[in-house]
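Chain by chain, the residues run as shown.
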2 protein chains.
Amino acid sequence: MDKRIVRIKDIAEKADVSAGTVDRVLHNRGRVAEDVKERILTIIKEMKYEPNYSARALGSNKAYTIGALIPDYTYDPYWFDPKNGIDKAEKDLKQYGITVNQYQFIPDNRESFIEKAEEVTELRPDGIVLAPIFYKETLPFLEKWKKLKIPFVTFNTQIEDVKSLSYIGQDSYQSGFLAAKLFHYGHPESCSVLLAHIDEDISNSAHLLKKEQGFRSYFEQNNLIDQYTIRRVELQRRDYLAFMKQLDNIVEDNPDLKCIYVTTSKGYEIAAYLEQRNIEGIKVIGYDLVPKNIYYINQGIISFVINQHPRGQGYRSVHQLSDHLVFKKKVPPIKYLPLDIITKENLSYYLNEV
Amino acid sequence: MDKRIVRIKDIAEKADVSAGTVDRVLHNRGRVAEDVKERILTIIKEMKYEPNYSARALGSNKAYTIGALIPDYTYDPYWFDPKNGIDKAEKDLKQYGITVNQYQFIPDNRESFIEKAEEVTELRPDGIVLAPIFYKETLPFLEKWKKLKIPFVTFNTQIEDVKSLSYIGQDSYQSGFLAAKLFHYGHPESCSVLLAHIDEDISNSAHLLKKEQGFRSYFEQNNLIDQYTIRRVELQRRDYLAFMKQLDNIVEDNPDLKCIYVTTSKGYEIAAYLEQRNIEGIKVIGYDLVPKNIYYINQGIISFVINQHPRGQGYRSVHQLSDHLVFKKKVPPIKYLPLDIITKENLSYYLNEV
DNA sequence: TTGTAAGCGTTATCAA
DNA sequence: TTGATAACGCTTACAA
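Computed from a predicted structure; not experimentally measured.

What counts, and where the lines are drawn
- Residues numbered from 1 in each chain as written.
- Chains lettered and ligands numbered in written order.
- Predicted model: local features only at pLDDT ≥ 70, side-chain atom pairs only at ≥ 80, totals over all residues.
- Heavy atoms only, no water.
- Helix = DSSP H or I, 4+ residues; strand = E, 2+ residues; numbered from the N terminus.
- Buried < 20%, exposed > 50% of the residue type's maximum accessible area, 1.4 Å probe, protein only.
- Contact = heavy atoms within 4.5 Å.
- Areas by Shrake-Rupley, 256 points an atom, 1.4 Å probe, with all protein chains shown as cover.
- Lys, Arg positive; Asp, Glu negative; His and termini not counted.
- Charge placed at Lys NZ, Arg CZ, Asp CG, Glu CD.
- Pairing = 2+ DSSP bridges.
- Axes fitted to C-alpha atoms, helices over the stretch in contact; angles between N-to-C directions.
- Near = heavy atom within 4 Å.
- Polar contact = N/O pair within 3.5 Å; in protein donor to acceptor, adjacent residues only side chain to side chain.
- Core = buried A, V, L, I, M, F, W, Y, C linked by side-chain atoms within 4.5 Å.
- Phe/Tyr/Trp six-rings, centres within 6.5 Å; stacked < 30°, edge-to-face > 60°.
- Lys NZ or Arg CZ within 6 Å of the ring centre and 35° of its normal.
- UniProt positions renumbered as here; feature names shortened; annotations may be inferred.
- Least-squares fit on C-alpha atoms with pLDDT ≥ 70 in both.
- Patch = residues over 30% accessible without salt bridge, like charges linked within 9 Å, V, L, I, M, F, W, Y side chains within 5 Å.
- Salt bridge = Lys/Arg side-chain N within 4 Å of Asp/Glu carboxyl O.
- Domains from an automatic or database assignment.
- Buried area = accessible area lost by both parts, 1.4 Å probe.
- Nonpolar A, V, L, I, M, F, W, Y, C, P; charged D, E, K, R; others polar.

Enquirer: Before we move on, could you go through the overall build of chain A and cite the residues and values that matter?
Expert: Assigned secondary structure in chain A consists of 13 helices and 12 strands. For the C-alpha atoms alone, the extent of chain A along its principal axes is close to 85 × 50 × 35 Å. Buried residues in chain A amount to 54% of all 354 residues. Look at the contacts in chain A between residues 6 or more apart in sequence, and 69% of them connect residues 24 or more apart. Taken as a whole, chain A presents about 16700 Å² of accessible surface, with 49% of it coming from carbon and sulfur. Placing the 48 positive and 49 negative side-chain charges of chain A at their respective mean positions leaves the two points 7 Å apart.

And the structure:
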């Protein structure tokens, strides 16, 4: 009943060798006779040895450096939570010798990304976590890190061409599909809906297109294409007047417009427009619990937001990397986080979640 | 830049005492002069000492026993996930010397609960986690454990009369409120909705009443009481014919019935009824991702389910207790888990989540 | 190719 | 009231 824990020493005794030898086979450090290795390996299996990570961390007084390459949240509040999750993970893992060096680039500035990416490479960390929001610019670095044998974990944006150790994020296609369902459930009668991409370079953002595909697929799969009209627009908030004008036109041209689906976290820009123009019959479905979205959810202008677990993305990315680096566990190549549906009535429980 | 970690030894040197003395201060073990204690305490603050939990676990070769008092999932599948979470937590915490002894009682059998509760008490564990689904029967045990100074964490069902170390679960009132919103969003026009309590002894289940209150409050707070009719029923599935008959009557009497809100995880019973009777215009809103609910969500008969994070409840309860027991952290008295909204389109991501 | 011994930060025992 | 010292399980020089 009271199962004593199995130590390296126990294995060593049973195999009639010393702890050092067992350690060497455990870590494949070589320098051990083949037959002895076999013997030890079977005993390890037999006794169901499980390493004690506390002792391991203590014993090997090793330090691991992780580089984090993420957008600067002072330019876009969406990135506050991922950074926060990374901070939290670093705190948790500090006692295992993990240090995270963060490199923050400007979210809509490719040069800034490249510059920071070069700095991380320069650092030669034991691993890298990154939010690869610039597709083209990211690829060469991934190749380089592969050559340098630096493992990397991507999050938020999925890059399928180069195999990363792990991707943490959401399934964009399915999130668009879900958004369509939320729209449809609340609007059983014929009407039109606007799909809006805001403030992103579509050509370099595959995930926005996947959201759009998912959104459209819902209508196709449920035979709703005759019943609903889907309008589509790409907007830039920088030119305020043009932004307003475009929306004015759309609203005017589509008197039966009931809902606007925003594929980025900028739903609040649309909500602000609706509030300013005093339009009540149109509701927004968007992404992410950034402060301004929270405000408009409480106002009832944004009906739903799909949450991308931003904090959890940062947190888990770092953990994934240390599971690989220090705990030598095998990590799953893809971890899709849940698509949380947030509305006014369950909003509060998602603030401060990991 | 390269911040050396602060050790007990460092503090000892600075305070001109030995490590043993610092340790005594750190753990309030007494036997240290008042002025020395003060001095050490300020140095600890100054140097921002953080204990190394790995070393602590290794050093104090202490074993902790936790008793878990939970319903047997073979009688009610809802309890599979909490048990699973407890198992996972035990695995994670094994290396810190934690062992969990589980005592499973029969979900609708008070004697069974009492019997198992006595067994846990007998065990004299270092802490207890429990799902106190029988209100009256639970109270005396909580009092007893208080006297015995055994800390306990409750989950799933909130008991407000006796202060537990921590409660992990959901806000029942708010979940009812949210359910009402989900109903309302999908049914903009006047109609009626049925609130059904299934298979529970209401008088002993405060949380079901809270759900009901929350549900009703939504209509009051949004001035919708004139627009919608709320019917209410308590059902027992045991007498199959009576169960069907009651539902038949309700459906007959309320031709404008569009939705049934089930306050327990037994939504599938209603869904099965609707399926059998071939009724299409009525949808179900319920709780929990038990297999049969999953089936009817995919069928489209259950439109939404509010998820209570069952696995997370078990997982976190055990963690909460060990945070207190072994890591000596202070733990929050209440942790409300998010009210996840699950529908066909985001269902899959919630299976196997912690 | 193998074994030995010191050390990681903390706790616990015991002597002073 | 204090301090020294031996554990805890694992890693890692270094010696054999």
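The structure having been displayed, the exposition proceeds.
Enquirer: If you had to explain the sheet that holds strand β6 (residues 191-198) of chain A to someone new, which residues and values would you point to?
Expert: The pairing of strands in a sheet comes from backbone hydrogen bonds and takes either a parallel or an antiparallel form. All names here are of chain A. Pairing is mixed across the open sheet formed by six strands, whose spatial order is β7-β6-β8-β9-β10-β12. Bordering the open sheet on either side are β7 (228-235) and β12 (340-342), each of which pairs with just one other strand. Here the average twist between neighbouring strands, direction ignored, is 20 degrees. Here strand β10 (residues 302-307) pairs with β12 via three bridges, running antiparallel. Among the inter-strand pairings, V305 is bridged to a residue of β12, identified as I342.

Enquirer: Please set out the protein's contact with DNA strand D residue by residue, giving values where relevant.
Expert: In the vicinity of DNA strand D lie 26 residues, with I8(A), D23(A), Y49(A), S18(B) and T21(B) positioned nearest. Note that a phosphate oxygen of DNA strand D is positioned 3.2 Å from one of the side-chain N or O atoms of R29(A). Residue assignment for the surface near DNA strand D shows that the elements contributing at least two residues are α4 (53-59) of chain A together with α2 (19-26) and α4 (53-59) of chain B. Looking at which element gives the most residues to the surface near DNA strand D, the answer is α4(A), with four residues.

Enquirer: Summarise the nonpolar core; cite the residues concerned and give the values.
Expert: Counting 146 residues, the largest nonpolar core has L69(A), W145(A), I270(A), L69(B), W145(B) and I270(B) as the members making the most contacts within it. In contact with L69(A), other than residues within four places in its own chain, are Y103(A), F105(A), F113(A), K116(A), A117(A), V120(A), V129(A), L130(A), A131(A) and W145(A). Formed by 50 residues, the second largest nonpolar core is a distinct cluster that contains L178(A), L182(A), L195(A) and F219(B).

Enquirer: Give me the packing of aromatic side chains: which residues, what numbers.
Expert: What the rule picks out here adds up to 45 aromatic pairs over all chains. Across from the ring centre of Y287(A), 3.7 Å away, lies the NZ or CZ of K211(A), which sits over that ring. Sitting over the face of the ring of F304(A), K181(B) holds its NZ or CZ atom 5.8 Å from the ring centroid.

Enquirer: Please set out the UniProt feature "domain: HTH lacI-type" (unreviewed entry) in chain A residue by residue, giving values where relevant.
Expert: Per the UniProt record, the feature "domain: HTH lacI-type" (unreviewed entry) sits at residues 6-60 of chain A. Secondary structure content for residues 6-60 of chain A is 65% helix and 0% strand, and the end C-alpha separation is 19 Å.

Enquirer: Explain the protein's contact with DNA strand C to me, using residue names and the numbers behind them.
Expert: A33(A), I8(B), D23(B), H27(B) and Y49(B) are the nearest of the 26 residues found near DNA strand C. Looking at DNA strand C alone, sugar and phosphate atoms form 71% of those within 4 Å of the protein. Between DNA strand C and the protein, one listed contact pairs a base oxygen with a backbone N or O atom of G59(A) at 3.1 Å. Contacts to DNA strand C include H27(B), whose side-chain N or O atom sits 2.7 Å from a phosphate oxygen. For the surface near DNA strand C, the elements supplying multiple residues, two or more each, are α2 (19-26) and α4 of chain A together with α4 of chain B.

Enquirer: I'd love a proper account of the sheet that holds strand β2 (residues 98-105) of chain A, names of residues and values included.
Expert: All names here are of chain A. Strand order across the open sheet formed by six strands is β2-β1-β3-β4-β5-β11, with parallel pairing between neighbours. Of all strands in the sheet, those bounded by a partner on one side alone are β2 and β11 (334-336). Strand-to-strand twist in this sheet, taken as the mean axis angle between neighbours without regard to direction, amounts to 15 degrees. Of the strand pairs in this sheet, strand β4 (residues 152-155) and strand β5 (residues 166-169) are connected by three bridges, and their pairing is parallel. By the bridge assignment for β5, T154 is matched with Y167. Helix α5 (residues 80-93) rests against β1 (64-71), β2, β3 (127-130) and β4 of the sheet, and its axis sits at about 165 degrees to β2.

Enquirer: An account of the relation of the copies chain B and chain A is requested, with residue identities and associated values reported.
Expert: Expressed as a screw transformation, the operator carrying chain B onto chain A has a rotation angle of 180 degrees and an axial translation of 0.2 Å, and the superposed copies differ by an RMSD of 0.4 Å. What the rotation and shift describe, once combined, is the action of a two-fold rotation axis. Counting the interface residues of chain B, we find that 98% of their copies in chain A are interface residues as well, pointing to one common contact surface.

Enquirer: Let's hear about a positive patch on the surface: which residues, and what values?
Expert: On the surface, K88(A), K91(A), K94(A) and K329(B) cluster together to form a positively charged patch. Checked against the element boundaries, K94(A) lands in the loop between α5 and β2. Exposure remark for K94(A): the relative accessible area of 48% places this residue in the partly exposed category.

Enquirer: Could you give an account of the domain arrangement of chain A, naming the residues involved and the relevant values?
Expert: One can read the domain layout of chain A as domain 1 (8-50), domain 2 (63-169 + 310-339) and domain 3 (172-307). With centres defined by C-alpha atoms, the gap from domain 1 of chain A to domain 3 of chain A works out at 60 Å.

Enquirer: Tell me about the interface of chain B and chain A, and name the residues and values.
Expert: On the chain A side, the residues contacting the 40 residues of chain B number 39 residues. On the chain B side of the interface with chain A, the three residues burying the most area are Y185(B), E345(B) and Y349(B), jointly 24% of the side's total. Connecting chain B to chain A are two salt bridges. Between E345(B) and K181(A) there is a salt bridge; the shortest N-O distance is 3.1 Å. The tally of links between chain B and chain A comes to 21 residue pairs in polar contact (both at pLDDT 80 or more). Listing elements by their share of the side of chain B that touches chain A, those giving two or more residues are α4, α8 (172-186), β10 (302-307), β11 (334-336) and β12 (340-342) of chain B. For the side of chain B that touches chain A, the element with the highest residue contribution is α8(B), accounting for eight residues. The class makeup of the residues in the side of chain B that touches chain A is 21 nonpolar, nine polar and 10 charged.

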